[in-house]
Amino acid sequence: MIVEDLPEQVRQHVREARRKGLRVGCVPTMGALHQGHSSLIERAREECDFVVTTIFVNPTQFLPGEDYTRYPRTLESDLRCCADTGADLVFTPQTDHMYPDNAQTTVQPGKLAEVLEGVIRPGHFAGVTTIVAKLFAVTEPDAAYFGQKDFQQQLIIRQMVRDLKLPVEIVTCPIVRELDGLAMSSRNRYLSAGERSAAVELSRALAEASRLAAESTLDSLQISERMWSLLQSSGQLEVQYAVLADPETLEHPVQRTSGGRAVALIAARLGTTRLIDNELLRFS
Ligand code: PAF
């Protein structure tokens, strides 16, 4: 496995792979890799011949006061994980490689970035689209792999790729969960033992929303209210949103139609940690 921190070197390796006719897959990450990330690398491995993982804690997607400085940086174990799951190349740029002093250009997402996470973390998605565009420019992938866990992020990246006519296929991979249902996240390691027990309420509320969509006649607002009250009743979670939205546009509330689809999305704070989770649902 090649480990490289210079964009020009990465581009040369990728172009060499392309000259051999290999399909290139890219898995962008911020490191602190867990089984969710491994599942993305494994999927890329299945579908591509040359797999690039990027590890970069992107400063521009953190708001002032967020966890940029304390975000876990675990390069050694991340590299082991990449090697074990079959990455061919790991790109580990320094901040000034991606953001030289004279950089002036950013990628601004549109409407999709103005709701949900975009309200609570204004500017976050511009940081994401800017870095992902740069990572695509360096790694020139045929396909790129993202987790459904960051549901809004993957929609915004799909929209960016369409709008900018970037020649990359976006693949969204299922959420990987702990045995009790908690969605895997690099930020789960911030949780105290007590908070870890309460964190399971997010996936329980989503499961209840899914059940109510399939088995009741409640409309989407009523189902959202049910999620809120389940989350509140834990006594520890500070709910930021719990909604049923259109899975393409994120408009909410959604109309309940027989066989119609929705995505249930939750964000909540647990002590100093912010958790998000989601589940795709179908109305009966
Ligand atoms: O999902 C993430 O880990 C990050 O937002 C990403 C896509 C790697 C951009 O920094």
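Located above this text is the structure these notes cover.
Residues numbered from 1 in each chain as written. Predicted model: local features only at pLDDT ≥ 70, side-chain atom pairs only at ≥ 80, totals over all residues. Heavy atoms only, no water.

## Notes on the site of the ligand
Close to the ligand lie Pro28, Thr29, Met30, Asn58, Gln61, Ile131, Val132, Phe146, Asp150 and Gln153. Interatomic distance of 2.6 Å between a side-chain N/O atom of Gln61 and an oxygen atom of the ligand. In the model, an oxygen atom of the ligand is placed 2.7 Å from a nitrogen or oxygen of the Gln153 side chain. When the ligand is considered free in solution it has 290 Å² of accessible area, and contact with the protein chains removes 89% of it. (Near = heavy atom within 4 Å. Polar contact = N/O pair within 3.5 Å; in protein donor to acceptor, adjacent residues only side chain to side chain. Areas by Shrake-Rupley, 256 points an atom, 1.4 Å probe, with all protein chains shown as cover.)

## Structural notes on the environment of Phe125
Note on placement: Phe125 falls in helix H6 (residues 124–139). Ignoring anything within four residues of it in the chain, the contact list for Phe125 reads Pro109, Ala113, Glu117, Gly118, Gln152, Gln153 and Ile156. (Helix = DSSP H or I, 4+ residues; strand = E, 2+ residues; numbered from the N terminus. Contact = heavy atoms within 4.5 Å.)

## Some remarks on the nonpolar core
The biggest cluster of nonpolar side chains holds 42 residues, and the ones touching the most others in it are Val132, Phe136, Ile157, Ile170, Leu250 and Leu265. Ranked by residue count, the leading element in this core is H6, at eight residues. The contacts of Phe136, once residues within four sequence positions are left out, are Pro141, Ala144, Phe146, Ile157, Met160, Val161, Leu166, Val168 and Ile170. Judged by nonpolar contacts, the second largest core, of 26 residues, contains Leu191, Leu212, Leu231 and Leu275. (Core = buried A, V, L, I, M, F, W, Y, C linked by side-chain atoms within 4.5 Å. Buried < 20%, exposed > 50% of the residue type's maximum accessible area, 1.4 Å probe, protein only.)

## Observations regarding the sheet that holds strand E8 (residues 261–270)
Ordered in space as E7-E8-E9, the three strands form an open sheet in which the pairing is antiparallel. On the outer flanks of this sheet lie strand E7 (237–245) and strand E9 (273–282), each paired with one strand and no other. Shown here is a sheet whose adjacent strand axes are inclined to one another by a mean of 10 degrees, direction ignored. Here E7 pairs with E8 via eight bridges, running antiparallel. In the sheet register, Leu244 faces E8, and the bridge partner there is Ala264. Along the sheet, helix H8 (residues 193–215) contacts E7, E8 and E9; its crossing angle with E9, the most-contacted strand, is approximately 20 degrees. (Pairing = 2+ DSSP bridges. Axes fitted to C-alpha atoms, helices over the stretch in contact; angles between N-to-C directions.)

## What about the state of the cysteines?
One covalent bond between the sulfur atoms of two cysteine residues makes up a disulfide. In this structure the tally under the stated criterion is zero disulfides. Cysteine Cys81 remains unbridged, with the sulfur of Cys82 as its closest cysteine sulfur at 5.5 Å. Left without a disulfide partner, Cys173 is nearest to the cysteine sulfur of Cys48, which lies 10 Å away. (Disulfide = S-S within 2.5 Å.)

## Side note on the sheet that holds strand E2 (residues 24–29)
The strands making up a sheet associate through backbone hydrogen bonding, with each pair oriented either parallel or antiparallel. Here we have six strands laid out as an open sheet, ordered E1-E4-E3-E2-E5-E6, and parallel in their pairing. Each edge of the open sheet is held by one strand with a lone partner, namely strand E1 (2–4) and strand E6 (169–173). Going from strand to strand, the sheet's axes swing by 25 degrees on average, the running direction of each strand aside. Inspection of the sheet shows E1 paired to strand E4 (residues 89–91) by three bridges, in the parallel sense. Directly across from Glu4, in E4, lies its bridge partner Phe91.

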